[in-house]
Amino acid sequence: MLTESTREIGNGKAHAQGDAYLRIDSLWKAFGEFIALKDISMRISEGEFVCFLGPSGCGKTTLLRAIAGLDIQTRGTVEQAGKDISNLPPAERDFGIVFQSYALFPNLTIEKNISFGLENAGLSKSAINARVTELLDLVGLPDQGKKYPAQLSGGQQQRIALARAIAMSPGLLLLDEPLSALDAKVRVHLRHEVKDLQRKLGVTTIMVTHDQEEALSMADRIVVMNHGVIEQIGSPTDIYREPATLFVADFIGEMNKLPAVSGEAKTVTIGRKAFKSAGGEIPPGKEVIAAVRPEDIIPHGDVVTEPMEEPDNSITCRITEMEFLGSFWRCRLKCEALGEHELIADFSINAVRRLELAAEKELVIEIPSNRLKVFARPAGE
Amino acid sequence: MSVTTSDNLPKGRPLTLKLGRDDLMMRGFILVIALYLIITLAFPLYAMLSKAFSTFQFDLSQVELQVSDQDGNFDGTILSAEALNAQLGAIPEDEMATSNDGRLSLTPLFPDFSFRSPVLYKIRGTTADTVYLIGSDRITGTDWHELDSNTFRRVVLRPVQSVGLSNFTTYFSTPSLFRSIENSLFISTVSTIVTVSLAFAFAYALSRSCMRFKGLFRLVAMAPILVPSLLPGIALVYLFGNQGMLKEVMMGESIYGPYGIMLGSIFFTFPHAFIIITTALAISDARLYEAAISLRASAWKTFWTVTIPGARYGLISAAFVVFNLVITDFGLPKVIGGQYNMLAVDIYKQVIGQQNFEMGAVVSVVLLMPAFVAFAVDRQVQKKQVALLSARSVVFEPKPDRKFDRICFIYCTLIAIFILGILGVCQFAALVKFWPYDLSLSLKNYNFDVMDGGGWEAYGNSIKLGLLTAFFGTIVVFIGAYMVDKTRSFRVGRGLFQFLAMLPMAIPGMVLGLAYIFFFNDPDNPLNAIYGTMAILVIVTITHFYTVSHLTAVTALKQMDGEFESVAASLKQPFYKLFARVTVPVCMPAILDIAIYLFVNAMTTVSAVVFLYSTDTALASIAVLNMDDAGDIAPAAAMGMMIFYTNAAARILHLAVSKGILKRTQAWRSR
Ligand SMILES: Nc1ncnc2c1ncn2[C@@H]1O[C@H](COP(=O)(O)OP(=O)(O)O)[C@@H](O)[C@H]1O
Ligand SMILES: [Mg+2]
């Protein structure tokens, strides 16, 4: 019987790299002269939820379509469940897919849409009906089966598309920007539903998105892509806390980026001031970018009322502007030692109250050395 | 993190998908339908072109002769046939040019030849390739053959084929033929200017005024599509001909000739221009238009700076379509052209009148050129217009303006009177006993069976042709369009198919018909069996009207979500299940449009079938032509109106079915 319960509930992290469910090796895709994907390799474990994240046009859909066999890669191999599927047509692969447009068959009822793939899978009529009912329950639309797609809201259509994609219990679920056509509210709500469903089914899932929040909140692992290459693969916290490249640092979350020069022993000089940094493999004397997230900047209070030796990595700044964003204050800081560059810092409401921060006030801030990242400066900046 | 070592694609061959069962089947379909188009379009055209460029000529230098004395003794003198003729001038130079099946007897070379004389003759070829006939025996080679007088009488030379432009030289040095180019260009140009102007004003009135009866006007404007192009010719004869009611209006000029052709052309091309321009006007940006009004530009200035430029692609496209229709039309100039020669009629005259197929092919090639240019320009413009369409903004809502609305109403009424008048005259003429002397009503003109042209059976054949064409044509066209749209990769096959599908639009019906003679009537062609049957009529009609049907299907398919096939594949469902369960139902309105388009055109077409019908497969539209030719004009009008009523009924049925389907499927179509 085809039910979700028959599928073993997998846990991505439990699997070693050796027995990856999906392996992609040195995959390239060219459209004529244009290279859309460059040397892509990755391993995805069974039951894992992976997001391909990157700006529009970076090749996420292209990669997803290569995995599905809808648009074959120019070079490279794809292996699923230990089998080389590099050149198999889509019908001979094992996946379910949800497109951004949902591609629901407009002239078939919801039931017929969902049962489209079940009809000649050797099931009896009643088994099909039972499965359709089960799927409708699963996606939370138990009594919409007799309607047509056009009679449902966008969010409901999205769930039907999902139900259809998992109807045959595929080994791999592919989602191409499944939430991007929905309003913001529905989108946030559906994130949880999709994630819950995936966890319940334990199906290995790849979701394409350009929305970093979506990726951070849903994925077990994120593949950050840019211009057809993988910039970083890692868990949401890894990606956020330890961005491997300037692109990742910049693309995900807020980041202060300051031109700087690298020095000896993991130091970096921004403006006139030398800081200790988290370090990297950059030799001294290079033009670099020093980066720190706004929430990692620690306020140390009023210089006048609290005179003290500036700790390492601390400098005196003046608040030029404060903006209340509900759960924290976003402050623009001007630091003489840093030259003309402004810093953006997010301070908790608590800290602002305690230190009596206000615009035009001076304060000492600390940039913790392990939060100060240093990246090579890209050409042309 | 993956480290990119290089930005260049590693060497090697691109991967290709293993072909699944679906891919193979879809490719198979494409190839089968492409093969159909190759056989019914490319091969015939090739046969026609090679005909146009080949000439046949007798070559006397191919044979040598010996003549005996009265006792049958040869003295060994070898006579060259060529030298003999040069000496005697027995066979003039212009008789040397001939056609494929020309035969030349050699007896004129011997002035004292008598088939009873005891003189013997010897003949041999000068080259190994020489071919001549003795009776029905085909002789080749350089061996001497000795023949008695009676047998020598039956020796004939076969012509030698050569490829070249000599047919064209002949064509362009024959003033009566050459004149036709001028005539055709002149008539087409004038008709185009007048029709496009009239249709533009009509479409403008319908889309930019608030007058009443817009729906009715729209309906009337479309009526000419339902009749053969020669029907207005018949009406014009009744109105302005020698016994016409309004003969005086012509002030001594004859309606037979340019005036008649132009008036009739305006009638039958009007709906085509009207449809295209209406679409263009709908596209021309309403917001821009309102902006011009709010800037207080005068209505006149707005018209020239906003309306006309906005509709320019539509106007250009309409002009080329009308031009093409007029220059390739055959029925109308045949009926009302009198002595005024047009290209399309020349083809008919060369082929039917003089049996000069080569010259028919030459005129066809000449006629292909303007048609090709018009076709190419139209395709370019259509592409540009599609781009405009996607950028369009707000639908224009006209505001009432009493004076403007009244002018529009009067204008549209005049046009409607012209169109209905033509149809009305035909119907009236068909019902009276003897125009213009005895105007009492009678049905005697409907007694088609006593007249030339095929009688009621021809009418039945036409309906049969219409139904068969609609049925098979729709299936072939829609499946072809689906396959070419949805097959993955397979560039070459799809490109070839696209080209073949667009080609028929550029081929005038007469040319296609003539090409079919050359190809299908060739005894060496195994498909020869369909010559003279209903099958060849169905095939030529489907092929002739393939392009528009194909484009309708492609447009409908493009409006569907492109990922349906991907979804079906991921669900392990074969493409034909998706095709049957989703594609066909969703595209049903377009499918019905294709069917009615093919039916109506099969009922009215003359040019594509005029060379191909046989006595068993006479058609109503051909009957109109032939009865008119034989002087039975009233029955011709009666038959023409039968076509009109049949097509009108078919359209009403089509409308009812379409509405019914839309209503039944409203639940899922809403939005
Ligand atoms: N069929 C195609 N032909 C040519 N270029 C394409 C094609 N499909 C995608 N591209 C190009 O490849 C790049 C990646 O596209 P895509 O994978 O759709 O990006 P996204 O990350 O937004 O999903 C884009 O620059 C796009 O223009
Ligand atoms: Mg995409």
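So, how was this worked out
Residues numbered from 1 in each chain as written. Chains lettered and ligands numbered in written order. Predicted model: local features only at pLDDT ≥ 70, side-chain atom pairs only at ≥ 80, totals over all residues. Heavy atoms only, no water. Helix = DSSP H or I, 4+ residues; strand = E, 2+ residues; numbered from the N terminus. Buried < 20%, exposed > 50% of the residue type's maximum accessible area, 1.4 Å probe, protein only. Areas by Shrake-Rupley, 256 points an atom, 1.4 Å probe, with all protein chains shown as cover. Contact = heavy atoms within 4.5 Å. Buried area = accessible area lost by both parts, 1.4 Å probe. Salt bridge = Lys/Arg side-chain N within 4 Å of Asp/Glu carboxyl O. Polar contact = N/O pair within 3.5 Å; in protein donor to acceptor, adjacent residues only side chain to side chain. Nonpolar A, V, L, I, M, F, W, Y, C, P; charged D, E, K, R; others polar. pLDDT = per-residue confidence, 0-100. UniProt positions renumbered as here; feature names shortened; annotations may be inferred. Core = buried A, V, L, I, M, F, W, Y, C linked by side-chain atoms within 4.5 Å. Pairing = 2+ DSSP bridges. Near = heavy atom within 4 Å. Domains from an automatic or database assignment. Phe/Tyr/Trp six-rings, centres within 6.5 Å; stacked < 30°, edge-to-face > 60°.

Participant: I'm lost on the overall build of chain A in this one. Help?
Facilitator: Counting secondary structure elements, chain A contains nine helices and 20 strands. Principal-axis analysis of the C-alpha atoms places the extent of chain A at approximately 80 × 45 × 40 Å. Taking all 381 residues of chain A together, the buried fraction comes to 54%. Of the accessible surface of chain A, which amounts to about 16200 Å², a share of 50% is contributed by carbon and sulfur atoms.

Participant: Looking at this structure, I do not really get the interface of chain B and chain A. What am I missing?
Facilitator: Counting residues at the interface gives 44 residues for chain B, matched by 48 residues for chain A. Carbon and sulfur atoms make up 61% of the area that chain B and chain A hide from each other, which totals about 4000 Å². Between the two partners, chain B and chain A, sit four salt bridges. Arg65(A) serves as the salt-bridge partner of Glu563(B), at 3.2 Å between the closest nitrogen and oxygen. Seen at the junction of chain B and chain A, the total is 14 residue pairs in polar contact (both at pLDDT 80 or more). Contributing elements (two or more residues each) for the side of chain B that touches chain A: helix 21 (564-570), helix 22 (575-586) and helix 26 (666-669) of chain B. By residue class, the composition of the side of chain B that touches chain A is 20 nonpolar, twelve polar and twelve charged.

Participant: Would you take a moment to explain the confidence of the model for chain B for this structure?
Facilitator: Any region with low pLDDT has predicted coordinates that should not be read closely. Residues and elements named next belong to chain B. Taken residue by residue, chain B gives an average pLDDT of 86. The fraction at 70 or more is 94%. Confidence, expressed as mean pLDDT per element, reaches its minimum in chain B at helix 9 (residues 286-294) with 62 and its maximum at helix 19 (residues 534-544) with 95. For residues 1-5, every residue scores under 50 in pLDDT, and the model assigns this stretch ten contacts once sequence neighbours within four places are set aside.

Participant: Before we go on, may I ask you to explain the UniProt feature "domain: ABC transporter" (unreviewed entry) in chain A in this structure?
Facilitator: Taking the numbering used here, the UniProt-annotated feature "domain: ABC transporter" (unreviewed entry) corresponds to residues 22-252 of chain A. The span residues 22-252 of chain A shows a helical share of 34% and a strand share of 26%, and its end C-alpha atoms are spaced 26 Å apart.

Participant: Please explain the pattern of salt bridges as it appears in this structure.
Facilitator: When the charged atoms of two side chains with opposite charge come close together, those side chains can pair. Throughout the structure, instances matching the rule amount to 32 salt bridges over all chains. Asp71(A) is the partner of Arg65(A) in a salt bridge, and the nearest nitrogen-oxygen pair spans 3.9 Å. Salt-bridge contacts for Asp296(A) lead to Arg371(A); the nearest nitrogen and oxygen are separated by 3.2 Å. With Asp296(A) in the loop between strand 14 (287-292) and strand 15 (298-302) and Arg371(A) in the loop between strand 19 (362-366) and strand 20 (373-376), the pair connects residues that are 75 residues apart, well separated along the chain. Classification of Asp296(A) by relative accessible area gives buried; the value is 11%. Counted as one network, the salt bridges with shared partners bring together Lys29(A), Arg65(A), Asp71(A) and Glu563(B).

Participant: Explanation requested: the nonpolar core in the structure shown.
Facilitator: Nonpolar side chains tend to gather and get buried jointly when the protein is soluble and globular. In this structure, Phe52(A), Leu63(A) and Phe611(B) are the most contacted members of the largest nonpolar core, which totals 218 residues. Phe611(B) has contacts with Ile347(B), Tyr348(B), Val351(B), Ile352(B), Met510(B), Gly513(B), Leu514(B), Ile517(B) and Tyr531(B), leaving out every residue within four places of it along the chain. Residues Leu136(A), Leu197(A), Val203(A) and Met207(A) belong to the second largest nonpolar core, which totals 43 residues.

Participant: Please explain the pairing of strand 2 (residues 34-44) of chain A as it appears in this structure.
Facilitator: Side-chain direction in a regular strand flips from residue to residue, so the side chains alternate between the two faces of the sheet. All names here are of chain A. Here strand 2 lies mainly inside the structure; eight of its eleven residues are buried. In this sheet, strand 2 lies alongside strand 1 (residues 22-31) in antiparallel orientation, the contact comprising seven bridges. The residue bridging leucine 22 from the neighbouring strand is isoleucine 44, located in strand 2. Hairpin connection of strand 1 to strand 2: two residues between the antiparallel strands, including glycine 32 at a positive phi of 65°.

Participant: Can you help me understand the site of ligand 1 in this one?
Facilitator: Residues and elements named next belong to chain A. Around ligand 1 sit Phe31, Phe34, Ala36, Ser56, Gly57, Cys58, Gly59, Lys60, Thr61 and Thr62, and those are all the residues in its vicinity. Between ligand 1 and glycine 59, the relevant distance is 3.0 Å, taken from an oxygen atom to a main-chain nitrogen or oxygen of the residue. Note that an oxygen atom of ligand 1 is positioned 2.5 Å from one of the side-chain N or O atoms of threonine 62. Coverage of ligand 1 by the protein amounts to 59% of the 560 Å² it exposes when considered alone. In terms of residue count, the dominant contributor to the shell around ligand 1 is helix 1 (residues 60-68) (three residues). Residue composition of the shell around ligand 1, grouped by class: four nonpolar, five polar and one charged.

Participant: Explanation requested: the domain arrangement of chain B in the structure shown.
Facilitator: For interface size, the figure often reported is the accessible area lost on association. By domain assignment, chain B separates into domain 1 (55-163), domain 2 (182-442) and domain 3 (456-488 + 529-642 + 660-670). Its C-alpha centre places domain 1 of chain B at a distance of 58 Å from the equivalent point of domain 2 of chain B.

Participant: Before we go on, may I ask you to explain the packing of aromatic side chains in this structure?
Facilitator: Two aromatic rings, taken as a pair, are described by how far apart their centres are and by the angle between their planes. For the structure shown, the criterion picks out 34 aromatic pairs over all chains. Aromatic pair Phe324(A) and Trp329(A): ring centres 4.9 Å apart, planes at 45°, arrangement tilted. Between Phe113(B) and Tyr121(B) the ring centres are 5.9 Å apart and the planes differ by 55°, which places this aromatic pair in the tilted class. Given the relative accessible area of 18%, Phe113(B) is considered buried. One aromatic cluster in this structure is built from Phe202(B), Phe213(B), Phe217(B), Phe270(B), Phe274(B) and Phe409(B).

Participant: For this particular structure, what's the right way to read the domain arrangement of chain A?
Facilitator: Residues and elements named next belong to chain A. Domain parsing of chain A yields domain 1 (4-246) and domain 2 (254-376). If you average the C-alpha positions of domain 1 and of domain 2, the two centres end up 41 Å apart. Opposite the eight residues of domain 1 that make contact, domain 2 presents nine residues. In total, about 750 Å² of surface goes out of reach between domain 1 and domain 2, with carbon and sulfur atoms giving 49% of it. Remark: the boundary between domain 1 and domain 2 carries two salt bridges. Between lysine 373 and glutamate 242 there is a salt bridge whose closest N-O contact spans 2.5 Å.

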